[in-house]
Structure formats: C-alpha cells, structure tokens
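Chain by chain, the residues run as shown.
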Protein chains: 2
Amino acid sequence: MDRDTNPQNESSKSLNSAIKDLLRDYNDLNSSTIDELPTEPSPLEFHRYVAQNRPFVIRNAAKSFSAYDRWSASYLTKTLANSPVCVAVTPLGNADAPLRQENGDIWLVKPHETTLPFNEAFDLIRDGTGKNTVYLQSQDGNLKDEYAALAEDVPPDIPWARVALGRGPDAVNVWIGNERSKTALHKDPYENVYVQVRGAKRFTLLPPVAVAGVGERLLKGARYVPKQDATEGLGVEEVGLEARLDGDGASVPFPTWDPDGVTEVGEEGGLRELCRPVRVRLGEGDMLYLPALWFHQVEQECGNEEFCCAVNYWYDMEYSGSFYALAVFARNVANAAIGGTMGENEQ
Amino acid sequence: MDRDTNPQNESSKSLNSAIKDLLRDYNDLNSSTIDELPTEPSPLEFHRYVAQNRPFVIRNAAKSFSAYDRWSASYLTKTLANSPVCVAVTPLGNADAPLRQENGDIWLVKPHETTLPFNEAFDLIRDGTGKNTVYLQSQDGNLKDEYAALAEDVPPDIPWARVALGRGPDAVNVWIGNERSKTALHKDPYENVYVQVRGAKRFTLLPPVAVAGVGERLLKGARYVPKQDATEGLGVEEVGLEARLDGDGASVPFPTWDPDGVTEVGEEGGLRELCRPVRVRLGEGDMLYLPALWFHQVEQECGNEEFCCAVNYWYDMEYSGSFYALAVFARNVANAAIGGTMGENEQ
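- Looking at an unreviewed UniProt entry, one finds chain A named Clavaminate synthase-like protein, with Microthyrium microscopicum as its source organism.

Listed below in structure tokens is the structure:
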C-alpha cells in the first residue's frame with residue numbers, strides 16, 4: 001500500500017494533531033513556571049490549585065517544623081540509632097527506573113532491598129564513596145513505622161490540605177539519601193505535599209496532558225540482586241548487583257523519557273517540543289504541592305552534613321468527577337496514536 | 001479494499017473503544033443520579049463540586065429570596081408594567097434549536113426577536129393559546145437591564161459561589177415562559193446556579209465526557225423571520241414564521257441528540273447506551289448547580305398562575321488547569337472517531 005494514502009497514517013495524523021492541540025491549548029492556558037505562594041494557602045485557596053491540578057511552591061513554609069531545627073546528622077544518629085531500616089541499593093542511584101538492556105529491551109528495575117541498622121545505612125549515605133548508592137525511601141508511610149522516633153518533629157498532616165480534601169494523609173514518608181540518587185520520571189495517584197528538610201531537591205515536572213510525550217512503554221518488571229559470585233564478605237555498598245526479571249513476567253506501563261536528556265527531545269512524533277517541563281528547586285524548609293498524576297523526575301543535593309532529607313504527605317486523589325477519567329482517556333488515546341506500541345517493548 | 005482489514009476501520013475501532021472506555025470509567029466513578037444537599041454548601045464544599053464538575057440540587061434553598069414570596073402574576077404586572085422587553089418568538093417553542101430541513105440538512109435556528117411592553121408579552125405567555133410560543137429569555141444579564149425593577153427581589157450573587165470562585169457572577173438572567181418552550185440540548189462555558197421561582201423545570205443533564213454521544217454537528221446558523229406575505233395585522237403570537245439562513249453562512253458545532261427521544265438511542269456508533277442522562281426536576285424555591293460544559297436540555301411546567309419563572313447566575317468557568325483543555329480534547333477526538341463528520345452537515 002502507498003504510504004502516503006494509507007488511511008491509518010491519515011487517521012494517526014489526525015489523532016496526532018488532536019494531541020498536539022491538547023498540548024497547545026494547555027500551554028496557552030497555563031504558565032510554564034510554578035506559582036510561588038507568599039504564605040501557606042487557606043483550604044479554599046489550596047483547593048483551587050487541586051481543582052486546576054496545578055503545582056505551587058511555598059518558600060520557607062516548613063521552617064516552623066521542629067524537624068527543620070532538629071534534624072542534624074547527630075540528632076538523627078542519636079534518635080534512630082541502631083533501629084533497623086529498609087535500605088534501597090542500586091549501582092547507578094536508579095531505584096524504580098527504566099534500564100535499557102543490551103538487546104534493546106527496557107526493564108523497570110527495582111532496587112536491591114535489605115535491612116540495616118539506621119546508623120550503618122546513614123554512614124554509607126553520608127560517606128557516599130561506595131560502588132553502590134544507598135537510599136532510604138521505603139514510601140509506605142514509614143514515618144509511623146521505621147521512623148516513628150522522628151514523628152513528633154513534623155506535623156501529623158498539613159492542616160490546609162486535610163481541611164480542603166476532607167481527609168488525612170494516606171501516608172507520610174521520610175526520604176534520606178545523597179546526590180547520587182535520582183528518581184526517574186513517574187507519576188503517583190496522590191495529591192502530594194513535599195517538604196524539604198535538609199539539602200535540596202530539583203524537580204522536573206510535567207502535567208498529565210504531557211502523557212503523549214513521556215514515552216510510556218510496557219516495561220518488564222525486574223529487580224537488582226547481588227551477583228551470586230560476588231557477595232562474599234562485601235557490604236551492600238560494594239556488592240556486585242545485576243538486574244534480573246521478576247518471576248511473574250508481569251509488565252507495567254512506565255515513562256521512558258528523561259526530560260533532562262537533551263538528545264531525546266524531538267522524538268515521540270514531534271510531540272515533545274510541546275511538552276514544557278516546569279522546573280523547581282526546593283531548598284531547606286521549602287514546601288511543594290505536586291498535584292496528582294503529574295510526572296516528576298527528581299534529583300537531589302546534599303546539605304552541609306552530606307545528606308539530604310525530606311518528608312512528604314500523600315493524600316488520596318479524587319477519582320470521581322471528570323478529571324481522572326479524562327486523564328486516563330488522554331493516556332489511552334496518546335498510546336493509540338503513537339504507533340500503538342503500548343503492548344510491546346520499544347524495538 | 002476489504003472492509004474487514006481496512007486500517008482506518010481498525011483505527012476508528014480503537015478510538016471508538018477508547019471513547020467507550022472513557023464513558024465506562026466515568027460511569028463507574030460517578031453516580032447517575034444527582035446529589036441533593038440538605039443545606040446550602042460552604043464555599044469549600046461548593047468548590048469540591050466545581051472541581052469534580054458534578055451537579056447538585058438544594059431543595060427549597062431559594063425560599064428565602066424575596067422573589068419567592070413576591071413574584072405573583074399581579075406583582076410582575078405591576079412592577080414591570082409596560083417597560084419594553086425582548087421577546088423570543090418561535091413556532092414550536094424551539095429557540096436556539098436544531099431544526100431538520102426537508103433536504104436533510106439541520107440548521108441551528110434562533111428565535112424571531114422583537115420588543116413588546118412587558119404586560120403584553122406576559123399576557124401572551126400566560127394565555128399560551130397563540131400559534132407561536134413566546135419566551136422571555138434574553139440571557140445577557142437582563143436582571144441589570146430590562147428586569148432591573150425586579151433586582152431587589154433576588155440576591156445580587158450567590159455568596160458561597162462568589163467566595164469559592166473568587167469572583168462575582170458574569171451575568172444574572174431572568175427567564176419567563178410557559179410549558180410550550182423547550183430548550184434544546186446544549187452546553188455553556190459557565191458555572192451555573194439556577195433558581196426556580198415559579199413553576200418547575202425538568203433538566204436532562206449529560207457530563208462533558210458524553211460529547212461523543214450528543215451528535216454534535218456543524219450546523220448552519222439560521223433565524224426565524226416573519227413570512228413576508230403573512231405579517232399584516234397579526235400579533236407576534238400569530239404571525240407566520242419561517243427559518244432563514246444567516247447571511248454570513250457561518251456554521252457552529254451543536255448537539256443534535258434529543259436524549260428524551262427514545263428512537264434515537266443506539267446511534268452514534270453504539271456510544272449512546274453509555275451516555276447516562278442525569279434527570280432532575282426543580283420545583284418552586286429549588287436551586288441547581290449546573291457545572292460548566294454540562295449538556296442540558298430543559299422543559300418547563302407552569303405554576304398556579306400559568307407561567308414559569310427562574311433566575312440564573314452565570315459565573316465564568318476556570319480555563320486554566322487541565323479540565324478545559326482535556327474536555328476540548330475529548331470533543332476533538334470524539335468527532336474524529338465518529339466518521340469525521342464534524343466538517344459537514346449530517347447526510
């Protein structure tokens with residue numbers, strides 16, 4: 001069949017153009033910079049941001065948290081001492097990240113996880129010279145559990161978020177790492193209030209409508225595991241790690257775009273030029289509202305004491321109404337338009 | 001080309017299935033009945049409905065309006081007397097409605113408009129036996145203008161809506177008619193608080209995601225005008241009217257589905273079964289929040305004094321954020337999926 005008159009090409013073109021119009025409309029109607037609020041919002045003011053699904057930052061808002069004054073290296077060492085914590089270990093600082101294999105397949109690789117006494121893990125993070133990268137990122141409401149000794153240092157929830165959303169947080173998490181960890185582009189179905197306590201985080205954000213540009217693919221699940229012949233007598237920071245496919249053979253859809261990787265701009269059918277990342281750097285005491293379903297990639301910088309530390313509050317997103325159903329629709333149409341590759345690994 | 005392997009068919013099928021999934025998701029996540037609030041909401045409670053783009057009704061909420069006590073036929077007659085008002089006249093009670101022509105084309109026909117003293121127009125509405133239907137529906141913020149004498153009988157805005165949305169109403173309109181007027185399915189880019197004062201209104205509502213099912217077509221604009229040989233000596237209620245195309249030849253996209261027309265269910269590529277109309281009847285003193293971009297068809301019933309009367313508050317919708325851009329996208333994709341007929345009249 002003549003390519004130029006292939007009706008599927010025509011149809012894809014028209015879809016491609018609908019998706020480009022979506023991005024153009026979004027760009028026309030929204031700023032590509034983040035709003036900075038002078039003070040914490042009222043519940044209603046916050047709800048306007050939730051309704052628009054738009055992020056904001058409040059500088060210094062968390063300076064009133066006890067954590068801001070207290071969380072020095074020595075305080076954390078004394079408070080958490082040798083209590084066991086879950087440790088994520090990766091060769092490249094790449095926990096839960098797409099990893100291209102030699103044959104071209106891309107796997108979604110989870111970190112090697114082990115348990116260490118806090119002080120031992122914290123020393124590895126602050127030292128930062130091991131072959132592997134260590135990150136405390138157990139994301140399961142760990143402030144109630146592993147880090148309960150720190151719970152009194154931060155508020156149990158964010159009052160304006162609780163009132164606006166009519167619910168408490170689903171999870172409050174502590175994150176402790178160093179600048180070798182980088183979080184790959186992904187999204188969460190949560191309204192997220194992110195509080196930087198030590199060091200800094202650099203967020204690269206993309207709205208849910210950018211789904212056509214993020215290179216979502218069905219990736220086979222994998223996990224880093226210690227190589228069998230290289231584990232003897234080595235600490236987690238030095239052990240040889242290799243990615244191994246999960247036994248269940250399950251695949252999950254996941255973005256493969258690195259929005260800071262300059263060489264990739266211009267792919268995904270020309271859509272990427274229309275995806276305008278919003279960038280924000282959170283310093284110590286800054287607070288970010290990261291709306292549900294926003295794609296985010298995160299890098300971090302250590303503070304004076306060679307670690308970075310943050311707390312985040314996850315509130316369940318609202319599934320009723322139009323927004324969630326429309327966001328899923330945009331994703332389905334985008335994946336149908338971009339050559340229907342969602343069912344397979346990228347070739 | 002073999003129909004079964006026609007790639008455009010395949011592509012349309014996949015789009016059609018994305019649209020059906022959108023409607024299924026929406027139906028799964030949302031009720032097909034309307035919420036009834038026991039009392040007026042707080043601004044934050046209202047904003048949650050705005051954010052979800054979901055309607056609600058509050059029974060008896062407008063019984064506190066002076067209008068509810070005052071707006072008898074004799075009060076309106078005395079208060080507005082012979083002040084001139086804009087009158088919409090149609091042969092079928094069909095102002096701003098699609099009208100199928102003998103050749104199959106569908107035109108969007110505006111009413112014949114003229115100016116009459118209020119009392120004369122009001123008598124024609126209450127009498128209701130003329131050949132034509134008369135409706136006072138000037139929709140341009142007429143409470144400030146033609147009906148300024150009634151303005152003190154209703155609040156200048158709805159306090160919880162003003163606070164929630166951070167703005168006053170863009171327009172407050174008075175509507176006076178009888179049960180012969182029916183408003184065709186359409187949508188408005190406004191958050192709408194609708195207050196029934198006399199008689200009743202029956203709304204049939206469809207959310208913005210139902211756009212694929214409403215049979216939107218590009219309709220040529222037309223208007224009813226008196227037939228040249230039939231105007232002599234006749235009042236507006238008896239004059240012969242015929243639809244005539246607008247001189248500018250412009251077309252506008254407009255729904256052609258009558259969701260209460262049983263015979264049409266099942267068209268639009270099988271999507272219509274998934275479009276679940278939400279029905280609500282507003283009685284005297286009831287208040288409806290009709291969210292922006294919801295399709296609505298309206299019929300009315302006269303009260304004891306043979307007229308119905310309502311007031312509505314239109315607040316500008318929020319265009320920033322994701323919702324508006326996604327709603328436009330859903331519409332564009334829906335129209336591309338349903339055979340690409342948006343550029344032409346239905347054949």
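1. Let's talk about the overall build of chain A
Here's step 1: Counting its secondary structure elements, chain A contains seven helices and 18 strands.
Here's step 2: If you line up chain A on its principal axes, its C-alpha atoms span 70 × 55 × 30 Å.
Here's step 3: Taking all 347 residues of chain A together, 55% fall into the buried category.
Here's step 4: Long-range contacts, defined here as pairs at least 24 residues apart, represent 83% of the contacts in chain A between residues at least 6 apart.
Here's step 5: As presented, chain A carries roughly 14300 Å² of accessible surface, and 46% of it is formed by carbon and sulfur atoms.
Here's step 6: When the 33 positive and 52 negative side-chain charges of chain A are each reduced to one mean point, those points stand 3 Å apart.

2. Examining the sheet that holds strand β17 (residues 295-301) of chain B
All names here are of chain B.
Here's step 1: One open sheet holds the four strands; their spatial order is β9-β17-β11-β15, and the pairing between them is antiparallel. Among the strands making up the open sheet, the edge pair consists of β9 (182-186) and β15 (278-282). Here the strands of the sheet are splayed against their neighbours by 15 degrees on average, with no regard to which way each runs.
Here's step 2: Direction of pairing for β9 relative to β17: antiparallel, over a ladder of three bridges. Each residue of the ladder has a partner; that of His 186, found in β17, is His 296.

3. Observations concerning the sheet that holds strand β17 (residues 295-301) of chain A
All names here are of chain A.
Here's step 1: Across the sheet, four strands lie side by side as β9-β17-β11-β15; this open sheet has antiparallel pairing. Pairing within the sheet leaves two strands with one partner each, and these edge strands are β9 (182-186) and β15 (278-282). Recorded for the sheet is a direction-independent mean angle of 15 degrees between the axes of neighbouring strands.
Here's step 2: Two elements, strand β11 (residues 200-206) and β15, share five bridges in a ladder whose sense is antiparallel. Bridge pairing links Arg 202 to Arg 281 in β15.

4. Topic: the relation of the copies chain A and chain B
Here's step 1: With an RMSD of 0.0 Å, the fit of chain A onto chain B corresponds to turning through 180 degrees and sliding 0.0 Å along the axis. Taken together, the rotation and translation describe the operation of a two-fold axis.
Here's step 2: Both copies share a contact surface, since 98% of the interface residues of chain A are interface residues in chain B too.

5. Considerations on the packing of helix α4 (residues 73-80) of chain A against helix α5 (residues 118-127) of chain A
When two helices pack together, you describe them by how their axes are tilted relative to each other and by the distance separating the axes.
Residues and elements named next belong to chain A.
Here's step 1: Orientation of α4 relative to α5, taken along the N-to-C sense of each, is 155 degrees, at an axis distance of 9 Å. Classified by the angle their axes make, α4 and α5 are roughly antiparallel. Of the residues in α5, those in contact with Ala 73, Leu 76, Thr 77 and Leu 80 of α4 are Phe 118, Asn 119, Phe 122 and Arg 126.
Here's step 2: When its residues are assigned to classes, the contact of α4 with α5 shows five nonpolar, two polar and one charged.

6. Concerning the side chain of Asn142(A)
Here's step 1: Positionally, Asn142(A) belongs in the loop between β7 (133-135) and α6 (159-165).
Here's step 2: When residues no more than four places from it in sequence are discounted, the contact partners of Asn142(A) are Tyr147(A), Ala148(A), Val172(A), Asn173(A) and Val174(A).

7. A look at unusual backbone geometry
Residues and elements named next belong to chain B.
Here's step 1: A positive phi angle, close to 65 degrees, is found at Asn 60, a residue other than glycine.
Here's step 2: Tracing the backbone through its elements, the reader meets Asn 60 in the loop between β2 (56-58) and α3 (66-70).
Here's step 3: Taking relative accessible area as the criterion, Asn 60 reaches 39% and is therefore assigned partly exposed.
Here's step 4: For Asp 96, which is not glycine, the phi dihedral falls at a positive 50 degrees.

8. Quick notes on helix α2 (residues 43-52) of chain A
Think of an α-helix as turning once every 3.6 residues; residues three or four places apart then point the same way.
Here's step 1: If you check which residues of α2(A) are buried, you get Leu44(A), Phe46(A), His47(A), Tyr49(A), Val50(A) and Gln52(A).
Here's step 2: Asn53(A) sits one or two residues past α2(A) and shows a positive phi near 55 degrees.

9. Things to note about the interface of chain A and chain B
Here's step 1: Taken together, the contacts link 43 residues of chain A with 42 residues of chain B.
Here's step 2: Between chain A and chain B, a total of about 3500 Å² is buried, with carbon and sulfur atoms accounting for 70% of that surface.
Here's step 3: Linking chain A with chain B are zero salt bridges.
Here's step 4: Inspection of the chain A/chain B interface yields 13 residue pairs in polar contact (both at pLDDT 80 or more).
Here's step 5: Sorting the residues of the side of chain A that touches chain B by element identifies α1 (7-29), α2, α6 and α7 (323-337) of chain A as the ones contributing at least two each.
Here's step 6: Broken down by element, the residue count for the side of chain A that touches chain B peaks at eleven residues, all from α1(A).

What counts, and at which threshold
Chains are numbered independently. Their residues run from 1 in the order of the written sequence. For this description, chains carry letters from A and ligands carry numbers from 1, given in the order in which they are written. This being a predicted model, a pLDDT of at least 70 is required before a residue's local features are given, and a value of 80 or more before pairs of side-chain atoms are given or counted; all residues contribute to the totals for chains, interfaces and linings. Only hydrogens and water are removed before side-chain values are computed, so all heavy atoms of the structure are retained for them. Under the DSSP-based scheme used, a helix requires at least four consecutive residues in state H or I and a strand at least two consecutive residues in state E, with every element numbered from the N terminus. Categorising residues by exposure relies on relative accessible area from a 1.4 Å probe, with only protein chains included: less than 20% of the type maximum marks a residue as buried, more than 50% marks it as exposed, and the intermediate range marks it as partly exposed. Residue contacts follow a heavy-atom distance rule, with two residues in contact if any of their heavy atoms lie within 4.5 Å. Only the protein chains shown count as cover for residues, and all accessible areas are computed by the Shrake-Rupley method using a 1.4 Å probe. Here the positive residues are Lys and Arg and the negative ones are Asp and Glu; neither His nor the chain ends is included. All charge positions are set by atom: Lys at NZ, Arg at CZ, Asp at CG, Glu at CD. In this analysis, strands are considered paired if DSSP registers two or more bridges between them. Lines fitted to C-alpha atoms define the axes, with helix axes restricted to the stretch in contact, and inter-axis angles between N-to-C directions lie between 0 and 180 degrees. Fitting of the copies onto one another was done by least squares over C-alpha atoms, counting residues only where both copies have pLDDT of at least 70. If an angle is under 35 degrees, it is roughly parallel; if it is over 145, roughly antiparallel; if it lies from 65 to 115, roughly perpendicular; otherwise it is oblique. The residue classification treats Ala, Val, Leu, Ile, Met, Phe, Trp, Tyr, Cys and Pro as nonpolar and Asp, Glu, Lys and Arg as charged. All others, Gly included, are polar. When two components associate, each loses some accessible surface as probed by a 1.4 Å sphere; the sum of these losses over both components is called the buried area. Salt bridge, as applied in this entry: a Lys or Arg side-chain nitrogen positioned within 4 Å of an Asp or Glu carboxyl oxygen. What qualifies as a polar contact is a pair of N or O atoms within 3.5 Å, subject to a donor-acceptor requirement within protein and to the restriction that residues adjacent in sequence count only when both atoms come from side chains.

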